[in-house]
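Topology and contacts: notes
As a plain string of letters, each chain reads:
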Amino acid sequence: MLEPITITLSINGLDTVIAVEPRTHLADVLRVQLGLTGTHIGCEHGVCGACTIFLDGATVRACLVLAVQADGCFVETVEGLTEAGDPALLALQEAFCERNALQCGFCTPGMLATAIELLREGRPLSRADIRERISGNYCRCTGYQAIVDAILHAAAKLAELEMA
Amino acid sequence: MKARDCRYERARSLQEALDLLHRHGADARLIAGGQSLVPALNLRMAAPDMLIDIGALDELRGIRLADAGGAKRLRIGAMVTHAEIARSRDVALYAPLLSLAVKHVAHAAIRNRGTFGGSIAHADPSAEFPACALALGARMHIASRAETRVVAAEDFFRGLHETAILPGEILIAVDMASIEEGFRPGFAELARRSGDYALVGLALQGKPLRGRTLFEAVAPVFFSVGDRPIFARAAAQILMDASVADDTRIRLAQAALTDDLNPPSDPQASSATRLHLARVLLGRVVAEVLEMGAGESRDA
Ligand SMILES: Cc1cc2nc3c(=O)[nH]c(=O)nc-3n(C[C@H](O)[C@H](O)[C@H](O)COP(=O)(O)OP(=O)(O)OC[C@H]3O[C@@H](n4cnc5c(N)ncnc54)[C@H](O)[C@@H]3O)c2cc1C
Ligand code: FES
Ligand code: FES
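First, a word on scope: everything that follows refers to the structure included in this document. The structure displayed is predicted, hence computed values, not measured ones.

Description of the interface of chain B and chain A
Each partner contributes residues to the interface: chain B has 31 residues there, and chain A has 33 residues. In this structure, the connection of chain B to chain A is made through three salt bridges. A salt bridge links Asp-5 of chain B to Arg-23 of chain A; the shortest N-O distance between them is 3.4 Å. Inspection of the chain B/chain A interface yields 19 residue pairs in polar contact (both at pLDDT 80 or more).

What follows is the structure in structure tokens.
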């Protein structure tokens, strides 16, 4: 094994100094080295979307970012978004329950991250917009219909909050 | 799967990146957005000893409009992300073909990290941007320790993942003439899932003559039909041939694709299917660029 490299990450608001091997991707660092298992790993080549997290405020595939590349960046995972009470996440969590938008839950953290980024754009959404955006996230349980319902529902709730 | 052990160095300047490349030679690989390289590392289809990260180089950033003797040129830095292309007003105004194409490049989370330069340098035959670069007559700016040279798109793509970039060189930017008066872009691709690599795709820019199916100039470039993007010359000739009757021109151009394309067969689609789909796309994109009603064009 080669000498690990020490990097600094802000993870869910916490500055974290950690030694990583250059070959290790961010999803493994989060899960294996830091125990943040809310970030799921399905394919490790960018196709399934289960590992989607926020890096410097934009969604990325955690399996396609080497941890060393992320040195100095802000990382937000589903755990942190929950604790921070992110309004888009709260609306989505309620809507996902209400509309049965998860069964096994494997795809859910990635779906949530993808949906949060879409909702933050704050534009009116059609079912087609939502389908297009979640096209990079596989769900092997729900058949997607319920997930599209839930995201639409959350968007409506957020719009209502904004009006109030 | 997990990537093989390797070393990693983040370059702080273009000069340092070039020096690192020189020092480590064939053992090293550049990493930009990593959206093609990291999957290959994870699958151990690539296993370099050394990764040189060019992600922090300011010299490779930014989209700029340059005035070269009255003619405007748009210059896109190699590290500009797909997401930045999608958001850019200058790209929409001066290279609108790229704005149409970027919607088809991968998924949002991948577009946030994948880079324009990485896509051009990776030269995947199914990728959108190399085809656009060829249709727009773009020029690639390639730096080595000795000099920066400029290579035209038509000389740049050499085969499957093969380009004019030599060992020790870095693609720093791509530039293209801004779209001229009367020219219009058209783009379409067929993929099994939105964001996946295309089964067949077409990037086109041309200057149509009002009320006719005739073009004063047209550049139709197909992708995912060979080992590199392919300029359909025979079809373009017919679309620019005033001696052909207006109501048969598109059909003849579609038929001429037999001369332009010889697509490979693979488990996704046979050669004949790809050729058929290429004809369908040509009909649709030409109709769109000509602003014809749906009924006026026919799928092949
Ligand atoms: C699930 C998935 C779907 C995708 N779908 C599409 C799609 O539909 N269309 C599409 O076009 N792409 C697609 N991609 C690929 C994506 O667009 C990549 O971002 C792009 O191909 C490479 O850019 P990068 O910055 O990520 O390059 P990297 O992965 O960092 O590098 C790719 C290669 O180019 C070399 N390189 C990078 N930058 C330079 C440079 N400046 N000079 C010299 N060499 C350089 C590297 O050494 C490496 O060999 C997809 C990727 C995934 C994971
Ligand atoms: S595990 Fe990252 S996309 Fe599948
Ligand atoms: S809920 Fe099981 S994969 Fe989506």
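So, next bit.
Concerning unusual backbone geometry
Residue and element names in this part refer to chain A. Unlike most non-glycine residues, Glu-44 shows phi in positive territory, near 60 degrees. Summarising the element assignment, Glu-44 is placed in the loop between helix H1 (26–33) and strand S3 (52–55). With a phi angle near 70 degrees, Tyr-144 is a residue other than glycine that sits in the positive phi range. Assignment of secondary structure puts Tyr-144 in the loop between helix H5 (127–133) and helix H6 (145–163).

As for the site of ligand 1
If you check the shell around ligand 1, you find 33 residues, and the closest are Leu-30, Gln-35, Leu-37, Thr-115 and Glu-128 of chain B. More than one chain approaches ligand 1, the contributing ones being chains A and B. For ligand 1, an oxygen atom lies 3.1 Å from a polar atom in the side chain of Arg-29 of chain B. Contacts to ligand 1 include Gly-33 of chain B, whose backbone N or O atom sits 2.8 Å from an oxygen atom. Notes on ligand 1: free accessible area 970 Å², of which the protein chains cover 94%. Taken together, the elements giving at least two residues each to the shell around ligand 1 come down to strand S2 (28–31), helix H7 (116–122) and strand S10 (170–177) of chain B. Top element by residues in the shell around ligand 1 is H7 of chain B. It accounts for four residues.

Some words on the pairing of S2 of chain B
Residue and element names in this part refer to chain B. Where S2 and strand S3 (residues 50–53) come together, four bridges link them in parallel fashion. By the bridge assignment for S3, Ile-31 is matched with Asp-53. With respect to chirality, the unit in which S2 leads through helix H2 (residues 37–42) into the neighbouring parallel S3 is right-handed.

Concerning the packing of aromatic side chains
With the rule as written, the count across this model stands at three aromatic pairs over all chains. The positively charged end of Arg-140 of chain A is found above the aromatic ring belonging to Tyr-138 of chain A, 4.5 Å away from the centroid. Sitting over the ring of Phe-231 of chain B, Arg-233 of chain B keeps its end group 4.4 Å from the ring centre.

Thoughts on the layout of surface pockets
Quantified by volume, the second largest pocket comes out at close to 1000 Å³. Around the second largest pocket, the lining is made up of 36 residues, and of these Thr-81, Ala-83, Arg-111, Asn-112 and Arg-113 of chain B lie nearest the centre. Residue assignment for the lining of the second largest pocket shows that the elements contributing at least two residues are strand S4 (58–61) and H5 of chain A together with helix H3 (82–87), helix H5 (96–102) and helix H6 (108–111) of chain B. For the lining of the second largest pocket, the element with the highest residue contribution is H3 of chain B, accounting for four residues. Residues that form the lining of the second largest pocket fall into these classes: 12 nonpolar, eight polar and 16 charged.

Details of the sheet that holds strand S6 (residues 139–143) of chain B
All names here are of chain B. A sheet is described by the order of its strands in space; here five strands give the open sequence S4-S5-S10-S6-S7, paired in antiparallel fashion. Each edge of the open sheet is held by one strand with a lone partner, namely strand S4 (63–68) and strand S7 (148–152). Averaged over neighbouring strand pairs, the angle between their axes works out to 25 degrees when direction is ignored. Where S6 lies against S10, five bridges are found, and the strand directions are antiparallel. The partner of Arg-139 across the bridge, within S10, is Asp-175. Most of the contacts of helix H1 (residues 14–24) go to S10, to which it runs at about 125 degrees, and overall it touches S6 and S10.

Rules used in this analysis
Residues numbered from 1 in each chain as written. Chains lettered and ligands numbered in written order. Predicted model: local features only at pLDDT ≥ 70, side-chain atom pairs only at ≥ 80, totals over all residues. Heavy atoms only, no water. Contact = heavy atoms within 4.5 Å. Salt bridge = Lys/Arg side-chain N within 4 Å of Asp/Glu carboxyl O. Polar contact = N/O pair within 3.5 Å; in protein donor to acceptor, adjacent residues only side chain to side chain. Helix = DSSP H or I, 4+ residues; strand = E, 2+ residues; numbered from the N terminus. Near = heavy atom within 4 Å. Areas by Shrake-Rupley, 256 points an atom, 1.4 Å probe, with all protein chains shown as cover. Pairing = 2+ DSSP bridges. Right-handed = clockwise from strand over helix to strand, strands pointing away. Phe/Tyr/Trp six-rings, centres within 6.5 Å; stacked < 30°, edge-to-face > 60°. Lys NZ or Arg CZ within 6 Å of the ring centre and 35° of its normal. 1 Å grid on protein atoms, 1.4 Å probe; cavity = no way out; pocket = protein on both sides within 12 Å on 5 of 7 lines; lining within 4 Å. Points joined across faces, edges and corners; volume = space filled by probe spheres on them. Nonpolar A, V, L, I, M, F, W, Y, C, P; charged D, E, K, R; others polar. Axes fitted to C-alpha atoms, helices over the stretch in contact; angles between N-to-C directions.

None of the figures reported here should be taken as evidence of function without further support.
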